[in-house]
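# Secondary and tertiary structure notes
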Amino acid sequence: MGGKYSSLDPMQVDVPDIKKLLDRDPYLQPYEKEIRRRYACLKDILLKIDENGGGLDTFTKAYKYYGINVQPDNTIICREWAPGAKQIFLTGDFNGWNRDSHPYKKLDYGKWELVLPPSHDGTCAIPHLSEVKVVVETHSGSKEDRLSPYATYVVEPPKHEGTIYKQKFWNPLQTQRYIFKHRKVPRPKSLRIYECHVGIATQELNVGSYDNFTDNILPRIVKQGYNTIQLMAVMEHAYYASFGYQVTSFYAASSRYGNPEQLKRLVDRAHELGLVVLLDLVHSHASKNVLDGLNQFDGTDSCFFHAGPRGEHSLWDSRLFNYSEFEVLRFLLSNIRWYLDEYQFDGFRFDGVTSMLYHSRGIGQGFAGSYDDYFSMGVDTEGFVYLMLANYVIHHFHKDAITIAEDVSGMPGTCRPVTEGCLGFDYRLAMAIPDKWIELLKHFSDESWDIGNIVHTLTNRRWMEPNVAYCESHDQALVGDKTIAFWLMDKEMYTHMSTLSDNSPVIDRGIALHKLIRFLTHGLGGEAYLNFMGNEFGHPEWLDFPREGNNSSYHYARRQWNLVDDELLKYKYLNEWDAAMNHAEAKYGWLSGEPGYVSWKHQDDKVIVFERRGVVFVFNFHPTQSFVDYKVGLEGSGEYRIILCTDESRFGGYNRIDLSVPFFTKDEGFAGRRHSMQVYIPSRCAIALAHV
């Protein structure tokens, strides 16, 4: 990149902890030069921020400089970055929509400024909730309406006014602003994440609200034993059916669900309940919308994005950021600080990381595990270094903050510190796991499940790079796919989920496997666990947002809580099991322990045995065969008791196991472990045992 450090021989660049990385994984040593080169690019940007950006703290608080900011005397200062504009103006309710009366003054480096003194009575010249627009005069002479990239509140217009979102000036009285009352939650050792969407968190045929989520959904989440929520679709998106992934206004919390103060109340209440709050952050791309998005803000094809094909994502039909542009870095890094500081979020799940890391955007590129894939010219250095920078900023200002990467490629060092020359995330999503479960349910009979392959998928992760394990997320729930519950039980869910209905082999199998799949993933698949809202109780059907193709229906854009609350329906069994898993993990802490040690994976018996954090897990996936006195190897010795059993009647099981019976180990090694014991393990059942 031609800076002070990137101009050096990379081997001369000091990477503080690179030795730890190379000692842990000697196979990375041939790529040391490239690792050091990337770190040099990061150091160049940090140096530039110090020299030209006012230092890291100021640079990452651009929302205090750009956009519309009220001064202590109610003077309003408006600033924008529009390097391609000939002139820009501010218009709105405050000036009778005069598009020429309030021109900005041109500053250096593409910046523009407008100062509005207070009104004669000392109040702001722009009233709270009045509409404003930025008018951009292009070099061709046209005047184009835009929303400020730093707008903090934008709203959907009434139906008769079209679909273009409107920017409203958010400046409530001090007495109407939400004041946070509760401290952020200390970072948990184990993350049990509830992935959720405020809009669909209602069973009504409408869009759910921040207040509904705060008052009615947060208590459910806590009761289920989750300690973290991951909020989707908060960054404003004009197209509801995009699930929040086509962001139009990056600094505006979605007004579909309420106003900014109501979101602050939600976060504060979550902290009061002991929940960590993560935001689904979309910095990988942006909506193509022009009139109410970032696209062509200054009248050119570039500005925040790469011009030409490099600035277009062919699959997502969206714009790609130019991470080498100083003002784009200021915009995105400040966006991170905005949500951390203004809304008190505790961290982020970064969406679309694979797209940011590779010039291919991950499209049509297979990742077979060859290290050459990760250190070749195919890696987008600008995107890579931006992610390093983002994680550096987050952990510099909030050491307990949590970041999660959505990356399917398996980039080495994704979850190692920036000081090792790595990306610096805390976790990555174990995206192969849900694919494996869906593959099995779609294409294989129960008898032909490959037990060894299942175990491999659940344990195949880089040493000391924590993974978030999950059976299914929002992706599997979307229209066109099916949830695990629906793959297992399908139409039978409409007729045989009542506790009063005749027994159904399909439902019995579905409930049993739903529990086993989740428990095995929870215990073996990662260092954190994630569940998408409603899947904990086997929510039927799929997710489909109101759109033209479904007559704008909300029928599938909601969660039917009444199903799990009805004591006469079997959804309660899956819900009870989900809570029992989480509460047991809270007590025994297997997610924060070393990866599970698998001592037994028997293809014919369909049995898996592993130990983790002192807990012994035994799974029998066999559809018909139960095993009496099944020998299990373990390291511990003494008396063990069952702490979890999927076959309990409260979980929809058949009580085939006497939970009062203790198990005593023998000084007889088995399966490579020092001790052994014998257990009864019925078909399609799992148990966990802990030392007394």
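Keep in mind it's a predicted model, so treat the numbers as computed, not measured.

### Some remarks on unusual backbone geometry
- Positive phi is not limited to glycine here, since asparagine 74 has a value of about 75°.
- Looking at where asparagine 74 falls in the secondary structure, it is placed in the loop between β1 (67-70) and β2 (76-81).

### Re the UniProt feature "active site" (unreviewed entry) in the protein
- Summarizing the sequence annotation, UniProt attributes the feature "active site" (unreviewed entry) to Asp351 and Glu406 in the numbering used throughout. A maximum C-alpha distance of 5.4 Å is found for the annotated residues, which run over 56 residues; spatially they form one tight group.
- Tracing the backbone through its elements, the reader meets aspartate 351 in the loop between β17 (347-350) and α7 (353-357).
- The exposure class assigned to aspartate 351 is buried, which follows from its relative accessible area of 7%.
- Beyond its immediate chain neighbours, meaning those up to four positions away, aspartate 351 contacts Tyr245, Asp280, Leu281, Val282, Ser284, His285, Met356 and Glu406.
- One polar contact links aspartate 351 to arginine 349, side chain to side chain, over a distance of 3.1 Å.
- Locating glutamate 406 in the fold gives a position in the loop between β18 (402-405) and β19 (427-429).
- Given the relative accessible area of 13%, glutamate 406 is considered buried.

### Quick word on the nonpolar core
- The biggest cluster of nonpolar side chains holds 181 residues, and the ones touching the most others in it are Phe213, Ile229, Leu231 and Trp437.
- If you tally residues by element for this core, the top one is helix α6 (residues 326-342), at 10 residues.
- Those residues in contact with phenylalanine 213 that sit more than four places away from it in its chain are Cys196, Val198, Ala201, Leu218, Ile221, Ile229, Leu231 and Leu266.

### Things to note about helix α10 (residues 451-459)
- Buried residues of α10: Ile451, Ile454, Val455, Thr457 and Leu458, and no others. Each buried residue of α10 lies within a common arc of 160° when the element is viewed along its axis, so the set occupies one face.
- At its buried positions, α10 is contacted by α9 (432-443), α13 (505-524), β22 (597-602) and β23 (607-612).
- Between a side-chain oxygen at the N-terminus of α10 and the backbone nitrogen of glycine 452 the separation is 3.1 Å; the capping residue is aspartate 450.

Rules and cut-offs
Residues numbered from 1 in each chain as written. Predicted model: local features only at pLDDT ≥ 70, side-chain atom pairs only at ≥ 80, totals over all residues. Heavy atoms only, no water. Helix = DSSP H or I, 4+ residues; strand = E, 2+ residues; numbered from the N terminus. UniProt positions renumbered as here; feature names shortened; annotations may be inferred. Buried < 20%, exposed > 50% of the residue type's maximum accessible area, 1.4 Å probe, protein only. Contact = heavy atoms within 4.5 Å. Polar contact = N/O pair within 3.5 Å; in protein donor to acceptor, adjacent residues only side chain to side chain. Core = buried A, V, L, I, M, F, W, Y, C linked by side-chain atoms within 4.5 Å. Arc of directions from axis to C-beta.

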